[in-house]
Amino acid sequence: MFSVVMLSIGALFAAIGLNFYTYDRLVYKQTIADVHAYKIDNQRYRLLLVLPDGKKNEFDISGDQWRLDVRVIKWKPQGNILGFNSIYRLERLSGRYEKLTQEVSSSGRTAYQLNKDPGLKVWDFTKKYKNQLPYFDTMFGGSVYMPLANKAHYRVHINQGGLSAEPANDEAIKARDSWP
């Protein structure tokens, strides 16, 4: 009986660990993505998303702006001392329109899921047992969006407080500065 209980506990931790693997540690301000935009047509762009590990993915989006969403799980300082750093995961990349009327009426909305959810879902587990996790602080979603322009390059950063995006070349600076 003891072996069955221990195997069950081990399987539970393996399932949690499998899902934790889809998140990245959040320690200091760090770059989590580079976004390169290339104009295809009017309000149509091909985005190249480059991650810090060198992985690259291309996405065709519609709109005037790109948007990147993340999920973050934070621990209290006592948890940080024990080695539980905040973790984050890229969730979705999408296009958005500047005008709300176009956003609502557009049949060309584009959004892409950036991660799968294998194993026991850490987000759901944390949400369900947050009162039993002594070092758990909070969980939140965040997003950042910037204007699209041909050959614009943006760098996306994350820290304990959330996301930020900054232009990384002249085209992106011009797009940001002329953003209404």
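Bear in mind that the values here come from a model prediction, so they are computed numbers and not experimental data. (Residues numbered from 1 in each chain as written. Predicted model: local features only at pLDDT ≥ 70, side-chain atom pairs only at ≥ 80, totals over all residues. Heavy atoms only, no water.)

As for the nonpolar core
- Within the largest apolar cluster, 27 residues are counted, with the highest numbers of intra-cluster contacts made by Leu47, Trp66, Leu68 and Val156.
- When contributions to this core are tallied by element, the ones reaching two or more residues are strand E2 (30-41), strand E3 (44-50), strand E4 (56-62), strand E5 (65-75), strand E6 (86-96), strand E8 (136-147), strand E9 (153-159) and helix H5 (170-177).
- Ignoring any residue separated from it by four or fewer positions in sequence, one finds Leu68 in contact with Ala33, Leu90, Arg92, Leu93, Leu114, Gly142, Ser143, Val144, Val156 and Leu163. (Core = buried A, V, L, I, M, F, W, Y, C linked by side-chain atoms within 4.5 Å. Buried < 20%, exposed > 50% of the residue type's maximum accessible area, 1.4 Å probe, protein only. Helix = DSSP H or I, 4+ residues; strand = E, 2+ residues; numbered from the N terminus. Contact = heavy atoms within 4.5 Å.)

Considerations on the pattern of salt bridges
- The full count for this structure, using the stated rule, is eight salt bridges.
- In this structure, Glu58 engages Arg46 in a salt bridge whose closest nitrogen and oxygen atoms are separated by 4.0 Å. You can see Glu58 sitting in strand E4 and its partner Arg46 sitting in strand E3, a full 12 residues away along the chain.
- With a relative accessible area of 33%, Arg46 lands in the partly exposed category.
- We note a salt bridge from Arg67 to Asp69, for which the minimum N-O separation is 2.9 Å.
- You can call Arg67 partly exposed: its relative accessible area is 30%. (Salt bridge = Lys/Arg side-chain N within 4 Å of Asp/Glu carboxyl O.)

What about the sheet that holds strand E10 (residues 162-167)?
- Across the sheet, which stays open at both edges, the five strands sit in the order E4-E3-E2-E9-E10 with antiparallel pairing between neighbours. This sheet does not close on itself; its edge strands, each paired only once, are E4 and E10. Looking at each pair of strands side by side, their axes are set apart by 25° on average, direction ignored.
- Across seven bridges, E2 lies against E3 in antiparallel orientation. When the sheet's bridge partners are listed, Val35 is paired in E3 with Leu49. (Pairing = 2+ DSSP bridges. Axes fitted to C-alpha atoms, helices over the stretch in contact; angles between N-to-C directions.)

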